[in-house]
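# Summary of the model geometry
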Amino acid sequence: MVRLFGADSSHASAGRDRQPTLAVTLPRSWAVDFCPPLPPPTGPTVTVTTEAELRDQAYNAAAGTTIWIAPGVYDMQSYVHVVNDGVALRGQSGNRDDVVLDFGGMVGGEFGILVDADGVTVADLTIRNAVEHGVSIQGRDRPVLYNLHVVDIGNQLIKVNPNDVYPSGSEDGLLACSRLEYTTTAPDEYTNGISAHDAHRWVVRDNQWYRIRTPEGAAAPTILFWSGSTDTVVERNLLVDCYQGIAFGNASHGPGDHSGGVVRNNIIYASLPTTP
């Protein structure tokens, strides 16, 4: 159920433009059906409590290790680089608001999380104030990005990059149950919520996207799969006040930029200011 409420007329009459608000009421079973907590890890675990420990374990932990990140705000001094297969970065409490990785600023800060291994999970945490990308997948397979809050990133919030080392591209990725947004707008015209090149059988579902937009009004797709991507599924996403919605392929690339896939059961809503 989606309910739209109009502007408060008393504020409008006072000369202040107001926007309608969007209230989303989901069925009680929604979280259980589509966004349950991730299951407990089955392999080794390690708990980190400082940003230096986090970066060290992300790079050095053995394949299959779950890195529990203790609650707190982490002032990141560099990017987080994951290089071993099956590593998971997870907020310890399961509440994404409890663990905040702050990379210092959309302009002048640090890069976010760089995934250079297969089967990596990033879940249950907040990523904010990073330059370039909040999470970047380097042509690797089966990434799981789950229950994240990604906010105020210099370029694309999530990026799936091509990689000459892995010519088949990124396969079987999941971005789900997350909130991705700008507080106001991107710092420049080069942004998307997610931009994926050469990505295959990715699923983007049950996310909320707010204000994915550019400062000068240039249209940039919130969800963009292109450069030979195939069989993308985009479903049950909510897009609010974003300048452009969902794009399979880029018109400038010509035919064949994306093939297969489905877009279904998404809600796209844009508010307009009222007049006094």
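Residues numbered from 1 in each chain as written. Predicted model: local features only at pLDDT ≥ 70, side-chain atom pairs only at ≥ 80, totals over all residues. Heavy atoms only, no water.

## Structural notes on the side chain of Ser136
Mapped onto the elements, Ser136 comes out in strand 10 (residues 121-138). Here Ser136 falls in the buried class, since its relative accessible area comes to 0%. Discounting residues that sit within four places of it in the chain, Ser136 has contacts with Phe111, Ile113, Leu114, Val115, Lys159 and Asn161. (Helix = DSSP H or I, 4+ residues; strand = E, 2+ residues; numbered from the N terminus. Buried < 20%, exposed > 50% of the residue type's maximum accessible area, 1.4 Å probe, protein only. Contact = heavy atoms within 4.5 Å.)

## Some details on the nonpolar core
If you look at the biggest cluster of nonpolar residues, it comprises 49 residues, and the most contacted ones within it are Leu54, Leu89, Leu101, Ile113 and Trp209. For Leu54, the contacting residues outside a window of four places in its chain are Val48, Ile67, Ile69, Met76, Val80, Leu89 and Leu101. Membership of the second largest hydrophobic core comes to 5 residues, among which are Ala123, Tyr146, Leu174 and Cys177. (Core = buried A, V, L, I, M, F, W, Y, C linked by side-chain atoms within 4.5 Å.)

## Remarks on helix 3 (residues 51-60)
Glu51, Leu54 and Ala58 are the residues of helix 3 that are buried. End-on, the buried residues of helix 3 take up no more than an arc of 55°, which puts them together on one face. Contacts made by the buried residues of helix 3 are with strand 3 (45-48), strand 4 (66-69), strand 5 (72-75), strand 6 (80-82), strand 7 (88-91) and strand 8 (99-102). (Arc of directions from axis to C-beta.)

## A closer look at the confidence of the model for the protein
Overall, the prediction assigns the protein a mean pLDDT of 89, with 86% of residues at 70 or greater. Within the model, pLDDT remains below 50 along residues 1-20, and this stretch shows 41 contacts once partners closer than five positions in the same chain are excluded. (pLDDT = per-residue confidence, 0-100.)

## Considering the pattern of salt bridges
Applying the stated criterion across every chain yields a total of 13 salt bridges. Its salt-bridge partner being Glu235, residue Arg264 comes within 2.7 Å of it at the nearest N-O pair. Residue Arg264 is found in strand 26 (residues 262-264), and its partner Glu235 is found in strand 22 (residues 233-235); the two are separated by 29 residues along the sequence. According to the relative accessible area criterion, Arg264 is partly exposed, its value standing at 39%. Judged by its relative accessible area of 11%, Glu235 falls in the buried class. Linked through salt bridges whose partners overlap, the residues forming this network are Arg205, Asp206, Glu235, Arg236 and Arg264. (Salt bridge = Lys/Arg side-chain N within 4 Å of Asp/Glu carboxyl O.)

## Focus: the packing of aromatic side chains
A full pass over the atoms with the stated rule returns 2 aromatic pairs. Considering the side-chain rings of Tyr79 and Phe111, the 6.2 Å spacing of their centres and the 80° angle between planes classify their relative orientation as edge-to-face. Taken together, the residues Tyr79 in the loop between strand 5 and strand 6 and Phe111 in strand 9 (residues 111-115) connect sequence positions 32 residues apart. The class of Phe111 is buried, set by a relative accessible area of 17%. On the numbers, 6.3 Å between centres and 55° between planes, the contact of Trp202 with Phe225 is tilted. You can see Trp202 sitting in the loop between strand 17 (199-200) and strand 18 (203-205) and its partner Phe225 sitting in strand 20 (residues 221-226), a full 23 residues away along the chain. Exposure class is identical for Trp202 and Phe225. Each is buried. When the ring centre of Phe34 is taken as reference, the NZ or CZ atom of Arg236 above it lies at 3.7 Å. (Phe/Tyr/Trp six-rings, centres within 6.5 Å; stacked < 30°, edge-to-face > 60°. Lys NZ or Arg CZ within 6 Å of the ring centre and 35° of its normal.)

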